[in-house]
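Read off the chains here:
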Amino acid sequence: MSVRENLLHIKRELPAGVTLIAVSKTKPNYMLQEAYDAGQRDFGENYVQELVTKAEQLPKDIRWHFIGHLQSNKVKYIAPFVHLIHGVDSLKLLQEINKQALKQKRIIDCLLQIYIAKEETKFGLSFEECEELLHSDVFAGLKNIRIRGFMAMASNTGSEDIIRQEFRSLKEFSDRVTSIMFPNCEFGVLSYGMSGDYKIAIEEGSTMVRIGSSIFGERNYNK
Ligand SMILES: *Cc1c(COP(=O)(O)O)cnc(C)c1O
């Protein structure tokens, strides 16, 4: 199937209120353009240099989502234009995003990445660390960032029960935390679900799914 057909097929299945991020890392511009021509405007990338290059070359009304692990020293390259930074997992990184956003005279929307998987390799804050961050005085002073919600990745497992339970734990955390008034927050976004688990994610309250290989095909990293 073509990129266009894959995309339209997935879009037909998504309930209203769920945003599709087309994850285009490692994929060439012509494939992104094909998705764009089929109406897609939200794209997700994991690598700063790749994102910057694609943003220069592709249509200007694309909303670029940074979904990878962001290093503080690279925030400045995406600060002028990034639409939403999904993987924020430290106060230090938030401070740098705030600093670069101020330079650009803008407010940058961010999601806090929460660690819900059983694996050692995934980034993210624990629920406790996340609440601590939201309550901190340093956080309250960051006027050029806005926390829109939370992002997570489930365990890489064949067990639907484990995945479902991990997503559910984040939804419960979010329901509790978003009922509290925090500064610099405007909650509502829950970013979880990828090609292999987005249907479960939606059943468990996701509002933003990040789908790559089901749209663009498998990735080949040996390029
Ligand atoms: C690559 C990636 C995706 C998309 O993964 P697929 O399995 O190809 O859909 C989603 N989220 C993050 C954070 C990723 O790095």
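Remember, it's a predicted structure, so these values are computed and weren't measured experimentally. (Residues numbered from 1 in each chain as written. Predicted model: local features only at pLDDT ≥ 70, side-chain atom pairs only at ≥ 80, totals over all residues. Heavy atoms only, no water.)

(A) Representation of the site of the ligand. Neighbouring the ligand are 13 residues, the closest being Lys25, Asn46, Ser195, Ser213 and Arg219. Backbone polar atom of Gly212 to an oxygen atom of the ligand: 2.8 Å apart, as the coordinates give it. Residue Arg219 places a side-chain N or O atom 2.8 Å away from an oxygen atom belonging to the ligand. Burial of the ligand by the protein chains amounts to 90% of its free accessible area of 390 Å². Class assignment for the residues of the shell around the ligand results in six nonpolar, four polar and three charged. (Near = heavy atom within 4 Å. Polar contact = N/O pair within 3.5 Å; in protein donor to acceptor, adjacent residues only side chain to side chain. Areas by Shrake-Rupley, 256 points an atom, 1.4 Å probe, with all protein chains shown as cover. Nonpolar A, V, L, I, M, F, W, Y, C, P; charged D, E, K, R; others polar.)

(B) Molecular detail of the packing of aromatic side chains. All told, the structure shown has five aromatic pairs when counted by the stated rule. Look at Phe150 and Phe173: their rings are 5.5 Å apart centre to centre, the planes differ by 65°, and that puts the pair in the edge-to-face class. Taken as a pair, Phe150 in strand E6 (residues 145-151) and Phe173 in helix H8 (residues 160-177) lie far apart in primary sequence, 23 residues in all. The pair formed by Phe150 and Phe173 is uniform in burial state, with each residue classed as buried. Plain terms: the ring middles of Phe150 and Phe187 are 5.6 Å apart, the flat faces sit at 20° to each other, and that makes the pair stacked. In this pair, Phe150 is assigned in strand E6 and Phe187 in strand E7 (residues 185-191), connecting sequence segments 37 residues apart. Ring pairing ties together the aromatic residues Phe127, Phe150, Phe173 and Phe187, which thus form one cluster. It is Arg41 that lies over the ring of Tyr36; its NZ or CZ is 3.6 Å from the centre. (Phe/Tyr/Trp six-rings, centres within 6.5 Å; stacked < 30°, edge-to-face > 60°. Helix = DSSP H or I, 4+ residues; strand = E, 2+ residues; numbered from the N terminus. Buried < 20%, exposed > 50% of the residue type's maximum accessible area, 1.4 Å probe, protein only. Lys NZ or Arg CZ within 6 Å of the ring centre and 35° of its normal.)

Function cannot be inferred from these measures alone, as they are strictly geometric.
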